[in-house]
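Observations on chain architecture
Here is what each chain is made of, one letter per residue.
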Amino acid sequence: MKYFIKRVGFMALTIFAVCALTFFLMNVIPGGTAKLVLKHTFVGLEESVTEEQLNQISDKYDLDDPLYLQFFRWIKEAVLRGDIGTSYVFKKPVLYLLALRLPATIQLAVMSMLIAILAGVSLGIYSAIRENKISDHILRIVTLFGVSMPGFWVALLLILIFSLRLKLVPVTGYGSLENLLLPAAALSLHSVAAVMRVTRTSMLETLGQEYIRFAKAKGLPLWKIVSRHALKNAMLPVITVIGFQMGGLLGGTVVIEKIFAWPGIGSLLVDSISARDLPVVQGCVLAIVMMFLFVHFLVDMLYTHLDPRIRYG
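As recorded by an unreviewed UniProt entry, the protein chain carries the name Dipeptide transport system permease protein DppB and is attributed to Methanosarcina barkeri 3. Taken from UniProt, the Subcellular location (unreviewed entry) comment for the protein chain reads in full: "Cell membrane". For the record of the protein chain, the UniProt heading Sequence similarities (unreviewed entry) holds the text "Belongs to the binding-protein-dependent transport system permease family."

1. What to know about the side chain of Gln282
For Gln282, the location among the structural elements is in helix α12 (residues 278-306). Beyond its immediate sequence surroundings of up to four residues, Gln282 is in contact with Cys19, Thr22, Phe23, Phe71 and Trp74.

2. What to know about the UniProt feature "domain: ABC transmembrane type-1" (unreviewed entry) in the protein chain
Those residues carrying the UniProt feature "domain: ABC transmembrane type-1" (unreviewed entry) are residues 102-303 in this numbering. Between the end C-alpha atoms of residues 102-303 the distance is 28 Å, and the span holds 85% helix and 0% strand.

3. Some details on the packing of aromatic side chains
Within this structure, the stated rule accounts for 7 aromatic pairs. Between Phe23 and Phe71, the ring centres sit 5.4 Å apart and the planes meet at 40 degrees, which makes this aromatic pair tilted. Remark: Phe71 occurs in helix α4 (residues 67-81) and Phe23 occurs in helix α1 (residues 2-28); sequence separation between them is 48 residues. Across the pair, Phe71 and Phe23 agree in class, each one buried. Taken together, a centroid distance of 5.6 Å and an interplanar angle of 50 degrees make the contact between Phe24 and Phe71 tilted. Linking Phe24 in helix α1 with Phe71 in helix α4, this pair joins segments that are 47 residues apart in sequence. In textbook terms, an aromatic cluster arises when at least three aromatic residues are bridged by ring pairs, as seen for Phe16, Phe23, Phe24, Phe71 and Trp74.

4. Overview of the UniProt feature "transmembrane region" (unreviewed entry) in the protein chain
Mapped onto this numbering, the UniProt entry annotates "transmembrane region" (unreviewed entry) at residues 106-129, 141-164, 180-199, 234-260 and 280-303. The span residues 141-164 shows a helical share of 92% and a strand share of 0%, and its end C-alpha atoms are spaced 27 Å apart.

5. Focus on the nonpolar core
Within the largest apolar cluster, 79 residues are counted, with the highest numbers of intra-cluster contacts made by Leu98, Ala186, Met203, Phe260, Ile265, Leu269 and Cys284. In terms of domain composition, this core takes at least three residues from each of domain 1 (14-83) and domain 2 (100-306). Leave out the neighbours within four places in its chain, and Cys284 touches Leu98, Ile265, Leu268 and Leu269.

6. Details of the domain arrangement of the protein chain
The domains assigned to the protein chain are domain 1 (14-83) and domain 2 (100-306). Inter-centroid distance (C-alpha atoms) of domain 1 to domain 2 is 36 Å. With 18 residues of domain 1 at the contact, the number on the domain 2 side is 12 residues. Ranking the residues of domain 1 by area buried against domain 2 places Ile15, Met26 and Trp74 at the top, with a combined share of 38%. Where domain 1 meets domain 2, there are 0 salt bridges. For the side of domain 1 that touches domain 2, the secondary structure elements donating two or more residues are α1, α2 (33-41) and α4.

7. Concerning helix α5 (residues 94-129)
The first and last C-alpha atoms of α5 sit 50 Å apart over 36 residues, in line with the 52 Å expected at 1.5 Å per residue. Of all bends in α5, the biggest is about 35 degrees, found at Arg101, and the proline Pro103 comes one to four residues later.

8. Describing the state of the cysteines
On inspection of all chains with the given rule, the structure shows 0 disulfides. You can see Cys19 has no disulfide; the closest cysteine sulfur is in Cys284, sitting 12 Å from it.

9. Comments concerning the environment of Ala230
Structurally, Ala230 is set in helix α10 (residues 222-259). Along the backbone, Ala230 and Ala184 are 46 residues apart, and their C-alpha atoms lie at a distance of 30 Å. Contacts of Ala230, omitting those with residues within four sequence positions, involve Met203, Thr206, Leu207, Ile212 and Ile225.

How each quantity is defined
- Residues numbered from 1 in each chain as written.
- Predicted model: local features only at pLDDT ≥ 70, side-chain atom pairs only at ≥ 80, totals over all residues.
- Heavy atoms only, no water.
- UniProt positions renumbered as here; feature names shortened; annotations may be inferred.
- Helix = DSSP H or I, 4+ residues; strand = E, 2+ residues; numbered from the N terminus.
- Contact = heavy atoms within 4.5 Å.
- Phe/Tyr/Trp six-rings, centres within 6.5 Å; stacked < 30°, edge-to-face > 60°.
- Buried < 20%, exposed > 50% of the residue type's maximum accessible area, 1.4 Å probe, protein only.
- Core = buried A, V, L, I, M, F, W, Y, C linked by side-chain atoms within 4.5 Å.
- Domains from an automatic or database assignment.
- Buried area = accessible area lost by both parts, 1.4 Å probe.
- Salt bridge = Lys/Arg side-chain N within 4 Å of Asp/Glu carboxyl O.
- Expected span 1.5 Å × (residues − 1).
- Bend = angle between axes of the 7 residues up to and from the residue.
- Disulfide = S-S within 2.5 Å.

Here you go:
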């Protein structure tokens, strides 16, 4: 219970720090908030705005108040009433917009994570069993490629090959499995490589233990040694990497969703930054940070299940 309280306090402090940093950084970016909101709502991007229009928007959203006062008001409403504001551009509550977009982001992140776990762990085990064979060297070179390539470049490459040349899947769209394949593949490639490298290293270390050599001496089949004796002990560092990769996947959706026109909070965040829609930016960052912290909390709880010697205090 003491650890749980400390952990919740740490998470609350982290959320507060990230929200404060986001709010003040957004307000020091060149270009007035009122001017950008007007260009994205009333007058058009190419048109100029009048002083009267600027004053109207500034008065409506209290944009001339000191920044610390604006932030304090946002925190107060969020904590006391659960209200994180209303969009300047969409004229809808931010919570409504997040509820509309969050399922798409979760769907994309979960699919990418499943691909990363299934492919990364399987290939990592295979590579460890085949240590220093040709297949092991090929897989290590491929993972080096996967770790090195940025997600947006992989996404453009997949679109060029599978959508424009081979015409197997659509470039954009939402709602079917074929729409999900390319974004999930582009998002998961880096994680597949990272999980595979850690799984291989951890499995090699475990397979070198004395109890594994004893199991081999008893004549147990290799698949039984790996699945029943080695895999569980080798998974602890793999779980750590999976937790970090899940956080990276949530952050990576910001770029991938925009490239594939995926209707998640990543694309909503990019559009809101362009329009200086501060309440929506705050809401999207808040949602991503909370999901990231929740995943890491689950990973820590999973440690104690895999290794009962681990205790938090």
